[in-house]
Amino acid sequence: MSGLWRNVRRGEEQNLEARLALQPGGPGSGKGTQCAKIVENYGFTHLSAGDLLRAEIKSGSENGTMISNMIKEGKIVPAEVTIDLLKKAMIECGNDRFLIDGFPRNEENRAAFENGTKIEPEFILFFDCPEEEMEHRLLSRNQGRVDDNIETIRKRFRVFVESSLPVIEHYNLKGRVRRVNAAKPIEEVFEDVKAIFAPFHTKV
Ligand SMILES: Nc1ncnc2c1ncn2[C@@H]1O[C@H](COP(=O)(O)OP(=O)(O)O)[C@@H](O)[C@H]1O
Ligand SMILES: Nc1ccn([C@@H]2O[C@H](COP(=O)(O)OP(=O)(O)O)[C@@H](O)[C@H]2O)c(=O)n1
Ligand SMILES: [Mg+2]
């Protein structure tokens, strides 16, 4: 599917042919874990919105402090910042199939992305997992993340319910959501994920 990016800074337009799967599931539902397995088996490039934002903080960019504060508070970073990073990553990687993890997380993310690209996602992969299980996983993740503490985790859960679930419902009404029971062991979740990705064939 073709989309048109407008590069605001340079006043240029760039064509981007892309097929997208979006993954807005809850914090700790296993998005990153399953994306890594999908990439091993199918020809998708995994882009994690959270990883791109954390890399932007590390790079010392002018937005770094703002992004860092938002992440510590479990808040959603303004869409233009995240979309700019996604856009760059999509253009640079040269692939045309993307699995975008942790996005869109709210209505602003969704509307800005769709209006900016005119690309309709092929499907939305929704990892459904009880909060209790997600909390347990996040507290045992051990990646040194500033937001994996109980206080921020509770805020992230609230943001998920108030802002991300309505986006999933929006796509559900369009028949685009593929729900996966993410409360099972990793390999069992992947069995269900494989059934969804099977039409995209194995990586060549
Ligand atoms: N199905 C699963 N069962 C148990 N633990 C899991 C499962 N999927 C992921 N995990 C673990 O839970 C933590 C969060 O997983 P991650 O993939 O980072 O989730 P997300 O990206 O959705 O926040 C990690 O430590 C991961 O190893
Ligand atoms: N689309 C996005 C994705 C992440 N984020 C920020 O980055 C944080 C971590 O996102 P993440 O996807 O890496 O977190 P997990 O769900 O993987 O635990 C979020 O809590 C937000 O503060 C954002 O602002 N906008
Ligand atoms: Mg993640």
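- The name recorded for the protein chain in an unreviewed UniProt entry is UMP-CMP kinase, from Zingiber officinale.
- As recorded by UniProt, the Function (unreviewed entry) comment attached to the protein chain reads in full: "Catalyzes the phosphorylation of pyrimidine nucleoside monophosphates at the expense of ATP. Plays an important role in de novo pyrimidine nucleotide biosynthesis. Has preference for UMP and CMP as phosphate acceptors."

Structural notes on the environment of Lys 174
- With respect to the helices and strands, the residue Lys 174 is situated in the loop between helix 7 (150-173) and strand 7 (177-181).
- Considering only alpha carbons, one finds Lys 174 and Gly 30, 144 residues apart in sequence, at a separation of 24 Å.
- Within the structure, the side chain of Lys 174 is placed 3.4 Å from the side chain of Glu 120, a separation counted as a polar contact.

Remarks on the site of ligand 1
- Around ligand 1 lies a shell of 13 residues, among which Gly 28, Lys 31, Thr 33, Arg 141 and Lys 184 are the nearest.
- A distance of 2.8 Å separates an oxygen atom of ligand 1 from a polar atom in the side chain of Arg 141.
- Here ligand 1 has 560 Å² of accessible area as a free molecule, and 77% of this is covered by the chains.
- Here ligand 1 is seated within the largest pocket.
- Tallying contributions element by element places helix 1 (residues 31-41) first for the shell around ligand 1, with three residues.
- In the shell around ligand 1, the residues fall into three nonpolar, six polar and four charged.

A short note on the sheet that holds strand 3 (residues 19-23)
- Spatially, 4-5-3-6-7 is the arrangement adopted by the five strands of the open sheet, whose pairing is parallel. Each of the sheet's edge strands pairs with one partner strand only, and the pair in question is strand 4 (45-48) and strand 7. Averaged over all pairs of adjacent strands, the angle between strand axes in this sheet comes to 20°, irrespective of strand direction.
- Across five bridges, the pairing between strand 6 (residues 123-128) and strand 7 is parallel. Among the inter-strand pairings, Leu 125 is bridged to a residue of strand 7, identified as Arg 178.
- The sheet strands contacting helix 7 are strand 3, strand 6 and strand 7, and the helix crosses strand 6 at an angle near 135°.

Notes on the packing of aromatic side chains
- On inspection of all chains with the given rule, the structure shows four aromatic pairs.
- On the basis of an interplanar angle of 85° and a centroid distance of 5.2 Å, the ring pair of Phe 44 and Phe 197 is categorised as edge-to-face. Of the two residues, Phe 44 is situated in the loop between helix 1 and strand 4 and Phe 197 in helix 8 (residues 186-197); the sequence distance between them amounts to 153 residues. Here Phe 44 matches Phe 197 in class, with each residue buried.

Calculation notes
- Residues numbered from 1 in each chain as written.
- Chains lettered and ligands numbered in written order.
- Predicted model: local features only at pLDDT ≥ 70, side-chain atom pairs only at ≥ 80, totals over all residues.
- Heavy atoms only, no water.
- UniProt positions renumbered as here; feature names shortened; annotations may be inferred.
- Helix = DSSP H or I, 4+ residues; strand = E, 2+ residues; numbered from the N terminus.
- Polar contact = N/O pair within 3.5 Å; in protein donor to acceptor, adjacent residues only side chain to side chain.
- Near = heavy atom within 4 Å.
- Areas by Shrake-Rupley, 256 points an atom, 1.4 Å probe, with all protein chains shown as cover.
- 1 Å grid on protein atoms, 1.4 Å probe; cavity = no way out; pocket = protein on both sides within 12 Å on 5 of 7 lines; lining within 4 Å.
- Sits in = over half its atoms within 2 Å of the grid points.
- Nonpolar A, V, L, I, M, F, W, Y, C, P; charged D, E, K, R; others polar.
- Pairing = 2+ DSSP bridges.
- Axes fitted to C-alpha atoms, helices over the stretch in contact; angles between N-to-C directions.
- Contact = heavy atoms within 4.5 Å.
- Phe/Tyr/Trp six-rings, centres within 6.5 Å; stacked < 30°, edge-to-face > 60°.
- Buried < 20%, exposed > 50% of the residue type's maximum accessible area, 1.4 Å probe, protein only.

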